[in-house]
Amino acid sequence: MTNLLVVRLGAMGDVIHTLPAVAALKEGHPQSRLTWVVEPQWAPLLDGNRFVDRVIAFRRERFFESLRELRSEAYDLAVDFQGLVKSAVVARLAGPRRIFGFAAGIARERVASMFYSNPVHTSAIHMVDMRLDLAAAAGARKSTTVFPLPPGCAEGELPEGEFVLASPLAGWRSKQWPIEHYRELAVRLRELGIPLVLNGPPAASAELSRVEGAMAHCSGISGLIDATRRAAAVIGVDSGPLHLAAALNKPGVAIYGPTDPALNGPFGDSLQLLRAPGAVTSYKRGAAPDASMWEIQPALVFDALKAACFA
């Protein structure tokens, strides 16, 4: 039996984008025991994953406890899908015989590649394809791209009939669509008799509740997965909930601005991409929505949504 270690600590969208590569890795080593190291808040994304035998929730505040769990087994090889110094260090501390990771210039932090015994080059553009190439170098089997996600669990109230689910928040505000635009969109959707539901963590309850005409739905990851599965369509920005919707092949609209959709866009073709013609790819972490996000008007989103999902 081969012992495999996967390192992808976070965040939500990145864990989702790594699921196909890990599935392919397991299929390439069918007799292996595969362990995935992840930060505890993202571990629910791996619940019931048939390609993962063990999940280690690595807690930095309990570093030595996590390290003992990590070292409780001997690994033949590790694959660092994150490409950061911190993830490379976790892979090295596990003591595998070989470590696969992205080569310098591809890894998010060049120094990380110094920790790998097998640095891997790729010419792929999208994050999902890049990670599939990395997995292939470690012996993965080329197969149909799959996203083995859990079913989720109902949290809070949702409309009984059709609804559109939006997740307005993102890791940094420059990627967000202005919250004011959701108010107008909610009004337009009511013309079709379809409510707009805004999902976010419990800490965002007050902010989401201020959007008149929309229904606030606060939940953890399991509740978000359940709500996404039940939604008739989704609206999202470059954040984990959008990549979840794409992985579940949900129809809807993806709104992009300062980030490159070729690299970080929704995988697959279920979501229609909207981006202002003059949008500049800057990855600038601003404290307010990027100007290009303001240019995408609610009427444009409504028309795209109506044509794609409610024609």
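A few points on the structure.

### Regarding the sheet that holds strand S8 (residues 196-200)
- Read across the sheet, six strands follow the order S9-S8-S7-S10-S11-S12 without closing on themselves; strand pairing throughout is parallel. At either end of the open sheet lies a strand with only one pairing partner, and these are strand S9 (215-218) and strand S12 (271-275). Going across the sheet, the axis of each strand differs from the next one's by a mean of 20 degrees, ignoring polarity.
- In this fold helix H7 (residues 221-230) packs onto strand S7 (164-167), S8, S9 and strand S10 (233-237), with an angle of close to 145 degrees to the strand it touches most, S7.
- Against the sheet, helix H11 (residues 298-309) makes contact with S7, S10, strand S11 (252-256) and S12, and its axis sits at roughly 145 degrees relative to S11, the strand it touches most.

### Description of unusual backbone geometry
- Here the amide bond leading from Gly10 into Ala11 is cis, since omega sits at -5 degrees, within 30 degrees of zero.
- Despite not being glycine, Asn249 has its phi angle at roughly 60 degrees, a positive value.
- Tracing the sequence through the fold places Asn249 in the loop between helix H8 (240-247) and S11.

### Considering the packing of H7 against H8
- The N-to-C vectors of H7 and H8 enclose an angle of 50 degrees; their axes lie 10 Å apart at closest approach. Taken together, the axes of H7 and H8 are oblique relative to one another. Helix-helix and strand crossings are classified by hand; for H7 and H8 the assignment is right-handed. On H8, the residues touching Leu224, Ile225 and Thr228 of H7 are Pro241, Leu244 and Ala245.
- Across the contact of H7 with H8, the residue classes tally to five nonpolar, one polar and no charged.

Basis of the calculations
- Residues numbered from 1 in each chain as written.
- Predicted model: local features only at pLDDT ≥ 70, side-chain atom pairs only at ≥ 80, totals over all residues.
- Heavy atoms only, no water.
- Pairing = 2+ DSSP bridges.
- Helix = DSSP H or I, 4+ residues; strand = E, 2+ residues; numbered from the N terminus.
- Axes fitted to C-alpha atoms, helices over the stretch in contact; angles between N-to-C directions.
- Contact = heavy atoms within 4.5 Å.
- Parallel < 35°, antiparallel > 145°, perpendicular 65-115°, else oblique.
- Left-handed = near helix turned anticlockwise from the far one by under 90°.
- Nonpolar A, V, L, I, M, F, W, Y, C, P; charged D, E, K, R; others polar.

In short, geometric facts, not functional conclusions.
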